[in-house]
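Here is how the chains run, residue by residue.
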Amino acid sequence: MRLCTSVPLSLCLAAAALLGGAASPGHAAAGPHCAASDDRQFPITTRIHGGPDSYDAGGGYGVWSIELTNTTKSPCTGIHPVVVLVDGERALKPTQSRLEFYEGARPRPVRFERTDRDELVGAFDGFPGFTVPPGQTLTVRVRLAMTSDAVPNDVTANAAVVQRREDDGDWVGQSNDYRFRVRVDSGGAAEPDDDSSAAPDGRLPFADELAGTGLTTPHGVLVAVSFLLVVAGGALLLVRRRR
């Protein structure tokens, strides 16, 4: 892997979360390295699209999507988005954000972990990863709800995109920000519907082109990390962007 610099620490941590440690049985080895022809660009242009401006604590799900556009001439396999939530009050708990992504018609829950900077990091894990054909766009459908104990808050969501390669990987994409408000109804509201059988709607907008590279893992960086984030049995590694 290569390192990352000049980006928010939260995105570096998010990208690293899926890469640390050994691969779990649910992760197949990825195919060829997904690399852009221009080192100043990510091979996967990434955009968060849609989603409501606000979520009611204890209310229903809001639907949005993560668009992954492969700008290379080869398939990009083993692709895992990693969502980071940063809230203004630094009060949002991992259990209060209920996020699911769809692998086809099948919803999968995302488990958030809290960093020592009070950011919530959730990897789209537990499956071999998405495949994005060359020159095409894959839309990953996502839905999010807030539990009734969430407090009024302003939240920013963004996503790093990782190509997992057994016990290693590459940072191959970075999204725009999606900002929303958590609202609290003093009258009380029902918990979000747990019925995950209904797939959300998704649309295909244009993807943003963001600068980027891959990742590496230096041996000594574990000493500098003040916490461990366990995703698929691995330790969190801090990463920095190649110039």
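Structure's up top.
A quick note: this is a predicted structure, and the numbers were derived from the prediction, not measured. (Residues numbered from 1 in each chain as written. Predicted model: local features only at pLDDT ≥ 70, side-chain atom pairs only at ≥ 80, totals over all residues. Heavy atoms only, no water.)

1. So, the overall build of the chain
Piece 1. Scanning the chain from N- to C-terminus turns up two helices and 13 strands.
Piece 2. Scored against the burial criterion, the 243 residues of the chain give a buried share of 50%.
Piece 3. In the chain, the share of contacts with a sequence separation of at least 24, taken over all contacts with a separation of at least 6, comes to 81%.
Piece 4. Carbon together with sulfur atoms contributes 49% to the accessible area of the chain, which is approximately 10800 Å² in total. (Helix = DSSP H or I, 4+ residues; strand = E, 2+ residues; numbered from the N terminus. Buried < 20%, exposed > 50% of the residue type's maximum accessible area, 1.4 Å probe, protein only. Contact = heavy atoms within 4.5 Å. Areas by Shrake-Rupley, 256 points an atom, 1.4 Å probe, with all protein chains shown as cover.)

2. Observations concerning the nonpolar core
A general trend in soluble globular proteins is that nonpolar side chains are found buried together.
Piece 1. Trp64, Ile66, Val83, Leu99, Phe124 and Phe180 are the most contacted members of the largest nonpolar core, which totals 35 residues.
Piece 2. Residue assignment for this core shows that the elements contributing at least two residues are β1 (44–50), β3 (62–70), β4 (76–87), β5 (97–103), β9 (130–132), β10 (137–146), β11 (153–165) and β13 (178–183).
Piece 3. The contact partners of phenylalanine 180, leaving out residues within four places of it in the chain, are Pro52, Asp53, Ser54, Tyr55, Leu144, Met146, Asn153, Asp154, Val155 and Ala157.
Piece 4. In terms of nonpolar packing, the next biggest core, distinct from the first, is built from six residues, Val82, Val121, Ala123 and Val162 among them. (Core = buried A, V, L, I, M, F, W, Y, C linked by side-chain atoms within 4.5 Å.)

3. As for the state of the cysteines
Piece 1. The full count for this structure, using the stated rule, is one disulfide.
Piece 2. Each sulfur in the disulfide pair cysteine 34 and cysteine 76 lies 1.8 Å from the other. Handedness here is read from the sign of the S-S torsion; for cysteine 34 and cysteine 76, about 65°, the answer is right-handed. With cysteine 34 in the loop between α1 (9–17) and β1 and cysteine 76 in strand β4, the pair connects residues that are 42 residues apart, well separated along the chain. Of the two residues examined, cysteine 34 and cysteine 76, each falls in the buried class. (Disulfide = S-S within 2.5 Å.)

4. Looking at the environment of alanine 91
Piece 1. Within the secondary structure, alanine 91 is located in the loop between β4 and β5.
Piece 2. In this structure alanine 91 comes out as partly exposed when scored by relative accessible area, which is 29%.
Piece 3. For the pair alanine 91 and proline 152, spaced 61 residues apart in the sequence, the C-alpha separation amounts to 9.4 Å.
Piece 4. In contact with alanine 91, other than residues within four places in its own chain, are Gln96, Arg114, Val151 and Asn153.

5. Some details on the sheet that holds β5
Piece 1. Read from one edge of the open sheet, five strands run β1-β3-β10-β5-β6, paired in antiparallel fashion. Across the chains shown, the open sheet's two edge strands, defined by having one partner strand only, are β1 and β6 (106–110). On average, each strand axis in the sheet is inclined to that of its neighbour by 25°, with strand direction left out of account.
Piece 2. Both β1 and β3 contribute to a ladder of seven bridges, which runs antiparallel. Among the inter-strand pairings, isoleucine 48 is bridged to a residue of β3, identified as isoleucine 66. (Pairing = 2+ DSSP bridges. Axes fitted to C-alpha atoms, helices over the stretch in contact; angles between N-to-C directions.)

6. A short note on the pattern of salt bridges
Piece 1. Applying the stated rule across the entire model yields seven salt bridges.
Piece 2. One salt bridge connects aspartate 177 with arginine 179, and the closest N-O pair in it is separated by 3.2 Å.
Piece 3. Relative accessible area serves as the criterion here: at 57%, arginine 179 is assigned to the exposed category. (Salt bridge = Lys/Arg side-chain N within 4 Å of Asp/Glu carboxyl O.)

7. Quick word on the packing of aromatic side chains
For any pair of aromatic rings, the description consists of the separation of the ring centres together with the inter-plane angle of the planes.
Piece 1. In the structure shown here, the tally under the stated rule is eight aromatic pairs.
Piece 2. Ring centres of phenylalanine 42 and tryptophan 171 lie 5.4 Å apart, and the angle between their planes is 55°; this geometry places the pair in the tilted category. Within this pair, whereas phenylalanine 42 is found in the loop between α1 and β1, its partner tryptophan 171 is found in strand β12 (residues 168–174), the two being separated by 129 residues in sequence.
Piece 3. Residue phenylalanine 42 is classed as buried on the basis of its relative accessible area, which comes to 1%. (Phe/Tyr/Trp six-rings, centres within 6.5 Å; stacked < 30°, edge-to-face > 60°.)

8. Quick word on the pairing of β11
Along any regular strand the residues' side chains alternate between the sheet's two faces.
Piece 1. Among the 13 residues in β11, 11 count as buried, and that is most of the element.
Piece 2. Here β4 pairs with β11 via nine bridges, running antiparallel. By the bridge assignment, proline 81 is partnered in β11 with valine 161.
Piece 3. Where β11 meets β13, five bridges bridge the pair, whose relative direction is antiparallel. Across the sheet, the residue bridging to aspartate 154 is arginine 181, located in β13.

9. Points about the pairing of β3
Piece 1. Of all nine residues in β3, eight are buried, a share of seventy percent or more.
Piece 2. Bridge analysis of β3 against β10 gives eight bridges, and the strand direction is antiparallel. Bridge assignment links leucine 68 to a residue of β10, and that residue is leucine 138.

Geometric values such as these leave the question of function open.
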